[in-house]
Amino acid sequence: MLLSVQGLTAQYGQFKALFGIDLHVAAGECVAIIGANGAGKTTLMRSITGVLRNAPEMIRHNEDPIGALPADLILQRGIAMVPEGRKLFPSLTVEENLRIGGQVRRGTGRWSLDEIYSLFPILKDRRHSPGTALSGGQQQMVAIGRALMSNPELLLCDEISLGLAPVVIRDIYAALPAIRASGAAVVIVEQDIARALSVADRVYCLMEGRVTLQAPAKDLTREAIHAAYFGATA
Amino acid sequence: MIWIDVLVQGILLGGLYALFAAGLSLVFGIMRLVNLAHGDLIVFAAFAILLITGSTGLHPFLAALLAAPLMFAAGWALQRFVLNRVMGKDILPPLLITFGLSVALQNGMLEIFSADSQRLAAGPLESASIDLGPVTVGTMPLLTFASAVLVIFALNRIFYTTALGRAFRAVSDDPTTASLMGINPKSVFAIATGLAMVIVTIAALYLGMRSNFDPSIGPARLIYAFEAVIIGGLGSLWGTLLGGAIIGVAQTIGAQLNPEWQILAGHLAFLAVLLIRPRGLFPRAVD
């Protein structure tokens, strides 16, 4: 299994955010993680990427325990993240932001500066602008391109549609088939359920730090999602 | 005519202050760490050069070339094994550590090298001068200034054209996101402090060739360095050079009016800049 999470707990001081999450992602798969604000989605992402450190065996990559590894070593294993809020480096130009994504790990995949520019042509025109001078949608493209530059086996996308106009979200999701065609497994954390269901093979729903639903995306009914998302049994 | 001379001498003196300040500026720019032992590390490097010249008979310039990698290693180790343990949101712990280091360095050097004034002998270079028409400038001050410009030019090239510089800026912006790029911020910090110590070695070389030094003079060098960094604006390297020049010019003007006013005039210029531009002339860091 490319990534498996077993009994993951996480807390910030007294506040417990995750209560034993079980989750797995196979190579090449696209998994959506949905849930309301505060469900623990971002905490889960921070744990997988090593920004939050956990017990080693709670998270495994190709069966190796990686729960306690720091973020830089997680990236070097081939797990890259598009962080929530994009988090471009303001001191770096668009091109430098992309380059720094591939500075430590280049992998062997297809993604290079030219490939990113052909995926998002607008970035080529803006490549010498400071990353933060771009529109929100363009910044999101830079953030995705930056993560792809390491040619990850697993790409984690945290709330990539947050704060963007629907037409821009559509453009960004249009890049997903090309990303999957490069062989990377993708995890999409979303609040936009319809969007998540339309692209994912499987869906996990989190509520208050627990997995309340997991199923293949095509099998899900509105009622099941509603119950898992809000905890209501309408 | 005398005032042109004062101005030129002041700018050249500013080169020395800019050399004192460049390492401080580099470290502050990348990790928001104010190294209170910076001045003492300059004196330490000067003693290191002195030891090498004493035991090998090399000219100070060559001795500094040998001392630089040693100082890089010392800076790297200091950051890696001491300062990185206390880096975090709170800026106070690293400040206290460097304050302690300053005291320890001063007393350690006093123990080992005694309180005697020392000097790096540079031979005929010490008194050589060049006639530039209206003014005559010392070769040594000219070399100092040229070195300062070169150091700051080189640092800028590293910052803006190399992968290391990209990592420096990324880590300075946001260490957590930089770690998501596979960069270990603490390794980057260690390299930055090592690099700062190479600049400290260059500063020490000129300090030692131009004036006497003893274990107690570090803190005063730190003050000049500090003022140059603040005048230039935190994180701006060319600003640091300008800051050094402003202090240098103020000092030579003060000394021209009354020799007792030299040091005071430099500090007054610093305060005046702070009054008009509290964030310095070219502030880069926005936080």
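Residues numbered from 1 in each chain as written. Chains lettered and ligands numbered in written order. Predicted model: local features only at pLDDT ≥ 70, side-chain atom pairs only at ≥ 80, totals over all residues.

Caption draft 1: The arrangement of the environment of B:Ala204 in detail. Residues and elements named next belong to chain B. Secondary-structure assignment places Ala204 in helix H8 (residues 185–210). As a C-alpha pair, Ala204 and Ala255 span 51 residues in sequence and 24 Å in three-dimensional space. Excluding residues that lie within four positions of it along the chain, Ala204 makes contacts with Ile42, Ala45, Ala46 and Ile49. (Helix = DSSP H or I, 4+ residues; strand = E, 2+ residues; numbered from the N terminus. Contact = placed C-beta atoms within 7 Å.)

Caption draft 2: Spotlight on the nonpolar core. Core analysis: the biggest nonpolar cluster contains 164 residues, and B:Leu19, B:Ala45, B:Ala46, B:Ile49 and B:Ile199 have the highest contact counts within it. For B:Ala45, the contacting residues outside a window of four places in its chain are B:Ala67, B:Met71, B:Val200, B:Thr201 and B:Ala204. (Core = buried A, V, L, I, M, F, W, Y, C linked by C-beta atoms within 7 Å. Buried ≥ 20, exposed ≤ 12 C-beta atoms within 10 Å, placed from the backbone.)

Caption draft 3: Just the sheet that holds strand E5 (residues 64–65) of chain A, in detail. Residue and element names in this part refer to chain A. If you trace the four strands from one edge of the open sheet to the other, you get E2-E1-E4-E5, paired in antiparallel fashion. Of all the strands in the sheet, just strand E2 (15–25) and E5 have a single pairing partner and so form its edges. Along the sheet, helix H1 (residues 41–48) contacts strand E1 (3–12), E2 and strand E4 (59–61); its crossing angle with E2, the most-contacted strand, is approximately 65°. (Pairing = 2+ DSSP bridges. Axes fitted to C-alpha atoms, helices over the stretch in contact; angles between N-to-C directions.)

Caption draft 4: Fine view of helix H3 (residues 94–101) of chain A. In terms of burial, H3(A) is a largely internal element, seven of the eight residues being buried. Along H3(A), the residues classified as buried are A:Val94, A:Glu95, A:Glu96, A:Asn97, A:Leu98, A:Ile100 and A:Gly101. Where the residues of H3(A) are buried, they touch helix H4 (113–119), helix H5 (121–125) and helix H6 (136–148) of chain A together with helix H6 (163–173) of chain B.

Caption draft 5: The arrangement of the confidence of the model for chain A in detail. For chain A, mean pLDDT is 91; residues scoring 70 or higher make up 99% of the total. Mean pLDDT in chain A bottoms out at helix H10 (residues 222–230) of chain A, which sits at 82, and peaks at strand E6 (residues 79–82) of chain A, which reaches 96. (pLDDT = per-residue confidence, 0-100.)

Caption draft 6: Focus on the sheet that holds strand E8 (residues 185–190) of chain A. All names here are of chain A. One open sheet accounts for six strands, arranged E6-E7-E8-E3-E9-E10; its pairing is mixed. Each end of this open sheet is capped by a strand with a single partner; those strands are E6 and strand E10 (210–216). Neighbour-to-neighbour, the strand axes of this sheet turn through a mean angle of 15°, independent of strand direction. Here H6 sits on the sheet and contacts E6 and strand E7 (154–158); the angle it forms with E6, its principal contact strand, is near 175°.

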